[in-house]
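This is what each chain is made of:
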Amino acid sequence: MDEVPRGVGRTALATAWIRARASRRPDRLFDDWLAQLFVDAAGDAVPVVPPDADDQLRMWARTLMTYLDVRTRFFDDELGAAVAAGCRQVVVLAAGLDTRAFRLPWPDGTLLFEVDRPDMLSFKERVLASTSFRPRCERHPVVADLTEDWVDRLLRAGLRPSLPTAWLAEGILVYLEAAQAERLLTNVTDLSAPSSRFALEDATGLSKELLDEVRRIPPMGEFADLWHGGLQGESAAWLGDHGWRGHETTFTRAADRLGRRPDQSMPVEGSFVTAQRTGPSEPAGVTRATAPRHAGATESNRLNGRRPTATTG
Ligand SMILES: C[S@@+](CC[C@H](N)C(=O)[O-])C[C@H]1O[C@@H](n2cnc3c(N)ncnc32)[C@H](O)[C@@H]1O
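None of these values were measured; they are calculated from a predicted model.

Caption draft 1: Expanded view of the packing of helix H1 (residues 9-23) against helix H3 (residues 55-84). Two numbers describe how H1 lies on H3: the axes approach to 10 Å, and their chain directions differ by 80°. Accordingly, the angle class assigned to the pair H1 and H3 is roughly perpendicular. On H3, the residues that touch Thr15, Ile18, Arg19, Arg21 and Ala22 of H1 are Met65, Leu68, Asp69 and Thr72. Class assignment for the residues of the contact of H1 with H3 results in 4 nonpolar, 2 polar and 3 charged.

Caption draft 2: Examining the site of the ligand more closely. Taken together, 20 residues surround the ligand, and among them Thr11, Ala94, Gly96, Leu146 and Gly171 come closest. With 4 residues, the single largest contributor to the shell around the ligand is H1. The class makeup of the residues in the shell around the ligand is 9 nonpolar, 6 polar and 5 charged.

Caption draft 3: Highlighting the environment of arginine 21. For arginine 21, the position within the fold is in helix H1. In this structure, the C-alpha to C-alpha distance between arginine 21 and aspartate 31, residues 10 residues apart in sequence, is 9.8 Å.

Caption draft 4: Expanded view of the environment of aspartate 27. Within the secondary structure layout, aspartate 27 lies in the loop between H1 and helix H2 (35-42). Considering only alpha carbons, one finds aspartate 27 and glycine 259, 232 residues apart in sequence, at a separation of 10.0 Å.

Caption draft 5: Region of interest: unusual backbone geometry. The phi dihedral of serine 195 falls on the positive side, at around 80°, and the residue is not glycine. Take serine 195: it is sitting in the loop between helix H7 (178-190) and strand S5 (197-204). Serine 195 sits in the partly exposed class, given 18 other C-beta atoms within 10 Å. Backbone geometry at glutamine 232 places phi at a positive 45°, although glycine is not the residue there.

Caption draft 6: Highlighting the environment of aspartate 116. Inspection of the secondary structure assignment puts aspartate 116 in strand S2 (residues 111-116). We classify aspartate 116 as buried; it has 29 C-beta atoms within 10 Å. Discounting chain neighbours no more than four positions away, the residues touching aspartate 116 are Ala94, Ala95, Gly96 and Leu121.

What counts, and where the lines are drawn
Residues numbered from 1 in each chain as written. Predicted model: local features only at pLDDT ≥ 70, side-chain atom pairs only at ≥ 80, totals over all residues. Axes fitted to C-alpha atoms, helices over the stretch in contact; angles between N-to-C directions. Helix = DSSP H or I, 4+ residues; strand = E, 2+ residues; numbered from the N terminus. Parallel < 35°, antiparallel > 145°, perpendicular 65-115°, else oblique. Contact = placed C-beta atoms within 7 Å. Nonpolar A, V, L, I, M, F, W, Y, C, P; charged D, E, K, R; others polar. Near = placed C-beta within 6 Å. Buried ≥ 20, exposed ≤ 12 C-beta atoms within 10 Å, placed from the backbone.

If you want it as structure tokens, here you go:
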């Protein structure tokens, strides 16, 4: 295929490659059968781990695969919980090659909006059009830049802010500057009626030393320059301060619950936040689950300043 996503869009190709592999595991956590179609269509443009990769790259790749495996299933479950709680609008921010519209069971009347950049969505639509698969909900691709004019475009596509919405921000905040990430959270909050849900991924530990190390490891090095850190682990606290009530789960905790064990500790600690928009008189605040003791993490040490309250739930 001649037109494939470039720049930050290549991260979605890498994610599809990993999801295709994860779907072939006998003990898979999800089945993303469309992922391989995107990989095949993108051909050489997919950043894969080369067969002659050295030990360091293999270790990084395995850790990243476990991370994406767990992250995907965690957010599958959360979106299932959101529609079970009554949300009939779903917005996948920076959807990339996300195929949840096709592979998850949606209640009748569910509208699902996928927001991403033009190069990503044109590639995705071309691949999908070449198949006979149909979404299991009313799917609306929305071409927009999440650092610019996306709110108007989403409203024009049919989002109704007076109704509860389930939002997903997976694999995007880390690519934004802090101010851009905060504006995104503000916009989502402004568009969210009470009982809306927000699921997002946050990351801490993106130090200069780490980025320098990653830069030395092709093909991951090209992604290091795209990481800007977002709110660097402060997203949950931000939501708690702005009318959301919820919970933050560290990657190690989520992995443990799903029976997945990364073979090294993550140099970047990812966490997954799930929150509900409160009504005017309801208390807000986001709590955090600490990692199980055997995972060897020290999350509770990092709970300071505006960080959310630690729990063991
Ligand atoms: C790592 S991929 C994640 C894709 C998807 N959420 C998933 O988990 O499979 C990052 C995605 O963010 C999109 N993206 C990055 N910056 C963006 C922006 N400013 N506006 C819209 N989309 C953006 C890219 O096009 C890409 O699809």
